[in-house]
Amino acid sequence: MTSENPGSQSGTAAPEALRDLLVEMNDLKRVRSAGRTGSIAERLFAQGWGRLTGGASPDDVALDITATTLAATRLCDLDAAFLTAAGLSEEAASAVLIAGFDAVTGELDPDLRARLRARLAPRPAAAFGSLPGFVAALAQQPRAGVTCPGRARILLEPPENHAEHCLIVAAYGVCLSPFYRADPGTVFLAAMAHHFHNAAMPDAGFTGEMLLGDHLGPIMATTTVWALAELDEPLRTQVERARAVLPDDATGEGRAFHAADCIDRVLQIAQHLRGASTTMGMVLDEWELVHAGPVKGFHDRVLADMRIP
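A few points on the structure. Since the structure is predicted, the reported quantities are computational estimates derived from the model, not experimental observations.

Moving on to the overall build of the protein. On a plain count of helices and strands, the protein comes out with 15 helices and zero strands. For 309 residues, the compact-globule formula gives about 19 Å, and the C-alpha radius of gyration of the protein, at 21 Å, lands near that figure. Structurally, the protein occupies a C-alpha span of about 65 × 55 × 45 Å along its principal axes. In the protein, which comprises 309 residues, the share counted as buried stands at 43%. If you take every contact in the protein between residues at least 6 apart in sequence, the share linking residues at least 24 apart comes to 74%. With the model as given, the accessible surface of the protein reaches about 15,800 Å², and the carbon-plus-sulfur share is 58%.

Structure follows, in structure tokens:
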């Protein structure tokens, strides 16, 4: 684990150039498709743990899952499994995935971008192990929303779950790791495991934590041990070692994780606020809801005659 200062000569605490990418990636917590259970982020969380329990190294899983997440940012569930089932060759499916990846990754660190892009080339099928119980439990555990001691909570529907949060923080952490000179595999694994306690512990947010007082630490420790006990060696030790970066920002890995965690928590709320502040004019003019095509003129006349909007 590294302990250098963030990789910026200007002393800035985070790379602003990645902002738009991270905003867009956040929506994978809300994208779903027919015939598939859960959001893309929830399913990639399970896929990551299946790869880890199947014996893949944290470094390999970090790169594979992050590359898949980045490609899905624009392609959603037009993934390798669907594309090949629909008749594309592995090479053609790979080309589609790489096109999706290229569309959003222009601001990534060039070396990391090359490593991630290579993961979308045709490769032998990966081995998957059995999923620990905490994977499904975290997917079923809603996050608390906005809480503050002494105030009523703000609930924004639908709530994200802890699997979605952990996956996005893990992918963010990999994308941010060059800036903080951090090991991406360590950051990824720490993020994937940072809410182990919530597999069993309901999330009452900051308010609940403060009301628990001195009981919070022992309860979190106990419930974390329950999750760790579901992992075999050497993965259990690898997870414990990665989680050692969680308490502070004294290492590059700790900074990458805490930056990713903070960004995700705020962008989750920003998404709700963005939707509430969007106007019909923005949707029609900027997003071209009624987009160019052979019947665009007719569409425009219909809307005008119906006085819509």
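Once you've had a look at it, read on.
The next point concerns the pattern of salt bridges. Two side chains that carry opposite charge are able to pair once their charged atoms sit near each other. The tally for this structure, following the rule as stated, stands at 18 salt bridges. Lys 29 is paired through a salt bridge with Asp 264; the nearest N and O atoms lie 2.8 Å apart. Linking Lys 29 in the loop between helix H1 (19-26) and helix H2 (40-53) with Asp 264 in helix H13 (residues 252-277), this pair joins segments that are 235 residues apart in sequence. On the basis of relative accessible area, Lys 29 is assigned to the buried category, the value being 2%. Across the pair Glu 164 and Arg 32 runs a salt bridge whose closest N-O atoms are separated by 3.5 Å. With Glu 164 in helix H8 (residues 162-180) and Arg 32 in the loop between H1 and H2, the pair connects residues that are 132 residues apart, well separated along the chain. Its relative accessible area of 1% is what places Glu 164 among the buried residues. When salt bridges that share partners are traced, they join Arg 51, Asp 60, Asp 64, Arg 119 and Arg 123 into one network.

Considering the arrangement of structural elements, one finds Leu 176 in helix H8. Those residues within four positions of Leu 176 in sequence are excluded, and the remaining contacts are Pro 15, Leu 18, Leu 22, Ala 256, Ala 259, Ala 260 and Ile 263.

In this section: a nonpolar patch on the surface. Among the surface-exposed residues, Val 295, Phe 298, Val 302, Met 306 and Ile 308 lie close enough to one another that they form a single nonpolar patch of about 460 Å² accessible area. With respect to the helices, strands and loops of the structure, Val 302 is situated in helix H15 (residues 296-305).

What follows deals with the nonpolar core. In this structure, Phe 45, Trp 49, Phe 196 and Val 239 are the most contacted members of the largest nonpolar core, which totals 73 residues. In terms of residues, this core owes the most to one element, H8, which gives 13 residues. In contact with Phe 196, not counting residues within four places along its chain, are Trp 49, Phe 134, Thr 223, Thr 224, Ala 227, Leu 228, Leu 231, Val 239 and Arg 243.

So, about the side chain of Thr 105. Relative to the elements of secondary structure, Thr 105 occurs in the loop between helix H5 (90-104) and helix H6 (110-118). Accessibility expressed as a relative area gives 0% for Thr 105, which makes it buried. Within the local environment of Thr 105, its side chain forms a polar contact with the side chain of Arg 113, the two groups lying 3.0 Å apart. Sequence-distant contacts of Thr 105, defined by excluding residues within four places in its chain, comprise Leu 70 and Arg 113.

Going through the model one piece at a time under the given rule, you end up with four aromatic pairs. When the centroid spacing of 5.0 Å and the interplanar angle of 80 degrees are considered together, the rings of Trp 49 and Phe 134 count as edge-to-face. Note that Trp 49 is positioned in helix H2 and Phe 134 in helix H7 (residues 133-140), a separation of 85 residues in sequence. On the basis of relative accessible area, Phe 134 is assigned to the buried category, the value being 0%. Between the aromatic rings of Phe 179 and Tyr 180, the centroid separation amounts to 4.9 Å while the plane-to-plane angle is 80 degrees, which identifies the pairing as edge-to-face. Note on Tyr 180: relative accessible area 2%, which makes it buried. One aromatic cluster is present, built from ring pairs that chain together Trp 49, Phe 134 and Phe 196.

Moving on, we come to unusual backbone geometry. With an omega of 5 degrees, the peptide bond between Glu 233 and Pro 234 qualifies as cis. Mapped onto the elements of the fold, Pro 234 is located in the loop between helix H11 (216-228) and helix H12 (235-243). Its identity as a non-glycine residue notwithstanding, Glu 288 has a phi of 50 degrees, on the positive side. Tracing the chain through its elements places Glu 288 in the loop between helix H14 (280-285) and H15. For Arg 307, which is not glycine, the phi torsion reads 55 degrees and is therefore positive.

Quick look at H12 now. All buried positions along H12 are accounted for by Leu 235, Val 239, Ala 242 and Arg 243. With its buried residues spanning 100 degrees around the axis, H12 presents them on a single face. Residues of H12 that are buried in the fold lie against H2, helix H9 (184-192) and H11.

A few words on empty space enclosed by the protein. Taken as a whole, this structure holds one cavity of 30 Å³ or more when the rule is applied. The space that makes up the largest cavity amounts to roughly 40 Å³. What lines the largest cavity is simply Val 23, Asn 26, Asp 27, Arg 30, Leu 267, Ala 270, Gln 271 and Arg 274. Breaking the lining of the largest cavity down by element, the ones donating at least two residues are H1 and H13. The dominant element in the lining of the largest cavity, judged by the number of residues it contributes, is H13, at four residues. Of the residues in the lining of the largest cavity, the class split is three nonpolar, two polar and three charged.

The rules behind the values
- Residues numbered from 1 in each chain as written.
- Predicted model: local features only at pLDDT ≥ 70, side-chain atom pairs only at ≥ 80, totals over all residues.
- Heavy atoms only, no water.
- Helix = DSSP H or I, 4+ residues; strand = E, 2+ residues; numbered from the N terminus.
- Rg over C-alpha atoms; globule rule 2.2 N^0.38 Å.
- Buried < 20%, exposed > 50% of the residue type's maximum accessible area, 1.4 Å probe, protein only.
- Contact = heavy atoms within 4.5 Å.
- Areas by Shrake-Rupley, 256 points an atom, 1.4 Å probe, with all protein chains shown as cover.
- Salt bridge = Lys/Arg side-chain N within 4 Å of Asp/Glu carboxyl O.
- Patch = residues over 30% accessible without salt bridge, like charges linked within 9 Å, V, L, I, M, F, W, Y side chains within 5 Å.
- Core = buried A, V, L, I, M, F, W, Y, C linked by side-chain atoms within 4.5 Å.
- Polar contact = N/O pair within 3.5 Å; in protein donor to acceptor, adjacent residues only side chain to side chain.
- Phe/Tyr/Trp six-rings, centres within 6.5 Å; stacked < 30°, edge-to-face > 60°.
- Arc of directions from axis to C-beta.
- 1 Å grid on protein atoms, 1.4 Å probe; cavity = no way out; pocket = protein on both sides within 12 Å on 5 of 7 lines; lining within 4 Å.
- Points joined across faces, edges and corners; volume = space filled by probe spheres on them.
- Nonpolar A, V, L, I, M, F, W, Y, C, P; charged D, E, K, R; others polar.

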